[in-house]
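Structure assessment
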Amino acid sequence: MRSLLLSGLTLTALASVGCDAEVQRPDPPVLESVHALAGGCFTLDATGPKGEDARALAIGVAGLSYAFAGLGPEDGARFFLKPSDLGTFLFYDHEGRYLVGDEGRIGRAERLQSDVLLVDDTFVSGAEWEVTASPKDAARLLLKNRRTGHYLTHEGALTPSEGEAAIVTLYP
């Protein structure tokens, strides 16, 4: 009887620590404006449009891509934000790669094309991201790829719908 009671207590204790998949998202840092991001180094996390399933953007297993797989900001890739226009940034990671958007997904690029290299004044790099306040959470952000005009989702895809966009936080 005693071992049964101890087993029950052990199971109760294990269940209380359990494998809770819900990630506790830290409060967002206070930003005076998106222009204050220029030259800063940040990790990025995102939730779905309803604020669910927060995950940090991490470098993928083979190092060729990014994935929203980190459980907290400490698990995410670190990005230097280089301004390319007002409210528009290049996200450059600590390994010298860029966050790019193309063909409906995000990717990781070592080198970028440019309008100068291509001799094409209409060329827009897939590495340029417009950063604006989220209409769903004024303390957090939206990322819109300048080349595609599509928004980043919390699954690493790009969507034309602002309503399906990820709610993003940048942590210093």
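Reading the values: rules and limits
- Per chain, residue numbering runs from 1 following the sequence as it is written.
- Owing to the predicted nature of the model, reporting of local features is limited to residues with pLDDT of at least 70; listing and counting of side-chain atom pairs is limited to 80 or more, with chain, interface and lining totals taken over all residues.
- With hydrogens and water excluded, all non-hydrogen atoms of the structure serve as input to the side-chain values.
- Between any two strands, at least two bridges found by DSSP are needed for them to pair.
- The secondary structure listing takes helices from DSSP runs of H or I that are at least 4 residues long and strands from runs of E that are at least 2 residues long, numbered from the N terminus.
- In this description, contact between two residues means that some pair of their heavy atoms is separated by no more than 4.5 Å.
- What pLDDT expresses is the predictor's confidence in each residue, scored from 0 to 100.
- What makes a nonpolar core is a set of buried Ala, Val, Leu, Ile, Met, Phe, Trp, Tyr and Cys residues whose side-chain atoms join them at distances within 4.5 Å.
- Buried residues are those whose accessible area, probed at 1.4 Å on protein chains only, stays under 20% of the maximum for their type, while exposed residues exceed 50% and partly exposed ones sit between those limits.
- Between rings of Phe, Tyr and Trp, where Trp is taken as its six-membered ring, a pair exists when centres lie within 6.5 Å; planes separated by under 30 degrees are stacked, by over 60 edge-to-face, and by other angles tilted.

Sheet analysis places strand β5 (residues 88–93) next to strand β8 (residues 128–133), joined by 3 bridges and oriented antiparallel. Directly across from L90, in β8, lies its bridge partner E128. For β8 and strand β9 (residues 141–145), the ladder comprises 5 bridges, and the chain directions are antiparallel. Each residue of the ladder has a partner; that of W129, found in β9, is N145.

Turning next to the environment of H35. Note on placement: H35 falls in the loop between α1 (2–17) and β1 (41–47). Excluding its chain neighbours within four sequence positions, the residues that come into contact with H35 are L86 and G87.

We now examine the confidence of the model for the chain. On average, residues of the chain score 84 in pLDDT, and 82% of them reach the 70 mark or higher. The spread of mean pLDDT over the elements of the chain runs between α1, the lowest at 37, and strand β10 (residues 151–152), the highest at 98. In this model, residues 1–20 is a region of pLDDT below 50 whose contacts with residues beyond four sequence positions or in other chains number 0 contacts.

As a further point, take the nonpolar core. Counting 24 residues, the largest nonpolar core has L37, F91, V168 and L170 as the members making the most contacts within it. Elements supplying a minimum of two residues to this core: β1, β3 (66–70), β4 (79–85), β5, β8, β9 and β12 (167–171). In terms of residues, this core owes the most to one element, β1, which gives 3 residues. Listed in part, the 5 residues of the second largest apolar core include L90, Y98, V100 and A109.

Taken as a whole and assessed by the stated rule, the structure comprises 3 aromatic pairs. Taking 5.9 Å as the distance between ring centres and 75° as the angle between the ring planes, the aromatic pair formed by F79 and F91 counts as edge-to-face. Separated by 12 residues along the polypeptide, F79 in strand β4 and F91 in strand β5 bring together distant segments of the chain. Take F79 and F91: they sit in the same class, and that class is buried.

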